[in-house]
Amino acid sequence: AGTEPGVQAALFDASTMTGLLKDENNVGVRFYNALATPASTDGTVLAVGIHTDGSEANKGKGYELSLGLNGGKVSVRALNIADAAEACRDMETSGHPSFSASFTRTDIEALLDLDGCQALQATPDVTDKGVTTMRLTAMKLADGKAEPLGSDPKFTRLCAYPCPTVCGPDKNYVYRPK
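Residues numbered from 1 in each chain as written. Predicted model: local features only at pLDDT ≥ 70, side-chain atom pairs only at ≥ 80, totals over all residues. Heavy atoms only, no water.

Peer 1: Lay out the nonpolar core with the relevant residues and their values.
Peer 2: Formed by 26 residues in total, the largest nonpolar core has its most connected members in M17, F31, I108 and L120. For this core, the elements supplying multiple residues, two or more each, are β1 (10-13), α1 (14-20), β2 (26-34), β3 (44-51), β6 (100-104), α3 (105-112), β7 (119-126) and β8 (132-142). Among all residues touching I108, those that are not within four sequence positions of it are M17, L21, V29, F103, L120 and L136. Counting 14 residues, the second largest nonpolar core, distinct from the first, contains Y32, A87, Y173 and V174. (Core = buried A, V, L, I, M, F, W, Y, C linked by side-chain atoms within 4.5 Å. Buried < 20%, exposed > 50% of the residue type's maximum accessible area, 1.4 Å probe, protein only. Helix = DSSP H or I, 4+ residues; strand = E, 2+ residues; numbered from the N terminus. Contact = heavy atoms within 4.5 Å.)

Below, the structure written as structure tokens:
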């Protein structure tokens, strides 16, 4: 696999993020780089709620795949575990490394609680140890575009390495590179 993450950025509206955390057993959200279809050339991001032990809240269609802005609104598609695993596998098959990042409920809610936050943007980033991860940025939606709420550090969160305690063992992930 190459080293480019295969995705520029992906959006999740506030209601989708809140929905992923609605189960009181969910302590955070895990994000994966993925492809919406095997033929896609532009990557996106997949999100799922996670439990205290790091396992994914994947009953039914527990995964949300970002489809971007459509008509000024954030569009997502719910996926089941098999389709989520395939979307991640397709990313790796396309020549990009598969990676994920987990964020705590506290960090996500802090961003969503910022005045004017309507969505979160997930973008690839690199930790100071050189590990590919993701950054979440609080966004506002205006005139059919998503814009950061501000440039102050309070508007972003970086999934650090080693990852937070919500990561858990490999068996908890819908997809891990071979």
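Peer 1: So what's going on with unusual backbone geometry? Which residues, and what values?
Peer 2: Backbone geometry at D143 places phi at a positive 55°, although glycine is not the residue there. Residue placement: D143 occurs in the loop between β8 and β9 (145-148). Exposure remark for D143: the relative accessible area of 78% places this residue in the exposed category.

Peer 1: So what about the environment of Q8? Which residues, and what values?
Peer 2: The residue Q8 is located in the segment before β1 in this model. Considering only alpha carbons, one finds Q8 and T123, 115 residues apart in sequence, at a separation of 6.2 Å. If we ignore the near neighbours within four places in the chain, the residues touching Q8 are T123 and P124.

Peer 1: Outline the sheet that holds strand β4 (residues 63-70), supporting the account with residue identities and numerical values.
Peer 2: One open sheet holds the five strands; their spatial order is β5-β4-β3-β2-β6, and the pairing between them is antiparallel. With partners counted over all chains shown, the strands left at the sheet margins are β5 (73-79) and β6, one partner each. Here the strands of the sheet are splayed against their neighbours by 30° on average, with no regard to which way each runs. Where β4 meets β5, seven bridges bridge the pair, whose relative direction is antiparallel. Note that in β5 the partner of L65 across the bridge is R77. (Pairing = 2+ DSSP bridges. Axes fitted to C-alpha atoms, helices over the stretch in contact; angles between N-to-C directions.)

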